[in-house]
Amino acid sequence: MTALRSVVLGCGSYLPQQILTNAELAARIDTSDEWIVQRTGIRQRHIAAEGEFTSHLAVHAARAALAHAGIDAQSIDLIVLATSTPDNTFPATAVAVQNELGIHHGAAFDLQAVCSGFIFALATADNFLRCGTYKRALVIGAETFSRILDWSDRGTCVLFGDGAGAVVLEAQPQPGTSLDRGLLTTHLRSDGRHKSKLYVDGGPGSTRTVGYLRMEGREVFKHAVGMITDVIYDAFKATGTTAADIDWFVPHQANKRIIDASAHKLHIAPEKVVLTVDLHGNTSAASIPLALAVAVKDGRVKKGDLVLLEAMGGGFTWGSALLRW
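By the naming in an unreviewed UniProt entry, the chain is Beta-ketoacyl-[acyl-carrier-protein] synthase III, taken from Bradyrhizobium sediminis. Recorded in UniProt for the chain, the comment headed Pathway (unreviewed entry) runs: "Lipid metabolism; fatty acid biosynthesis." Regarding the chain, the relevant UniProt record gives this comment under Catalytic activity (unreviewed entry): "malonyl-[ACP] + acetyl-CoA + H(+) = 3-oxobutanoyl-[ACP] + CO2 + CoA".

Okay, here's the thing in structure tokens:
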């Protein structure tokens, strides 16, 4: 038996030059480095420059991923861009990225699932590739969350940052077992009952404004670990694998306490967890590909490694992806 799998050819990332430290935030609002680090693990975050848009970040990350894969942009026939901070209400930011890369064929579109966006985008691209509709895909997570933050709200503005990450996927025939390279399984969930716990209080169809991010932090934390681990158990069941088989755990970088609690519940050793939340903050849909790019660049993630990805975001949305590098 053979199966088409979405194999990762390369990954890349981009972070804006400006770094905003906890100490700098403490000079503006009633907070402290100690308070932020103790509760979140975050020490700094990157902030997009004036005139630097989500599409600009995405293009940088896409070019880095293409270079890492060693392929030409013209071989890409699908772009799925996960973002909650598009350049415009429409058209899709993915179309701007497509044009900037000089690609004038195939399809490009945005996907919105907040912090789970990259997992949802991976699953979407994977299904298109496995059914043969497209051959090669760019999957991007890119955000400029600094543009939707209330900088007087210390409960939210200290958490988020800007950035972008991308992977190149190619449909390749594999034997059809859990030892295959590529995406082995994805699991997506959502539950709109929790909308009020994490949302933006604006939109073109309601207030005709962009609005600001609002969050009930304790409520999000309370639900996070259970939801995350549920979709991971689904991934294990679908592939016949266990936590002991995992080489690297690359979670959404929202809060170190959530990451630590999830790894502990899953019995994944701390040394297998990729952490970048201290340097990047929560970059929403960009956080997983940013962390993945770090672990690939420093040599931790190697060909043949089994990599577990997971995320949870506003909606609530949550999901997992299990892939062999």
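K.L.:
Could you clarify how one ought to interpret the pattern of salt bridges in this entry?
P.N.:
Opposite charge on two side chains permits them to pair, given that their charged atoms come into close proximity. Inspection of the entire model under this criterion finds ten salt bridges. Of the charged contacts, one joins Arg130 and Asp126 as a salt bridge, the two residues approaching to 3.1 Å between their closest N and O atoms. In this pair, Arg130 and Asp126 both sit in helix 5 (residues 117–130), four residues apart, roughly one turn of the helix. Residue Asp126 is classed as buried on the basis of its relative accessible area of 4%. A salt bridge links Arg214 to Asp201, with the shortest nitrogen-to-oxygen separation between them at 3.1 Å. Taken as a pair, Arg214 in strand 10 (residues 213–215) and Asp201 in the loop between strand 9 (198–200) and strand 10 lie far apart in primary sequence, 13 residues in all. Relative accessible area serves as the criterion here: at 32%, Asp201 is assigned to the partly exposed category. When salt bridges that share partners are traced, they join Asp150, Asp201 and Arg214 into one network.

Conventions and cut-offs
- Residues numbered from 1 in each chain as written.
- Predicted model: local features only at pLDDT ≥ 70, side-chain atom pairs only at ≥ 80, totals over all residues.
- Heavy atoms only, no water.
- UniProt positions renumbered as here; feature names shortened; annotations may be inferred.
- Salt bridge = Lys/Arg side-chain N within 4 Å of Asp/Glu carboxyl O.
- Helix = DSSP H or I, 4+ residues; strand = E, 2+ residues; numbered from the N terminus.
- Buried < 20%, exposed > 50% of the residue type's maximum accessible area, 1.4 Å probe, protein only.

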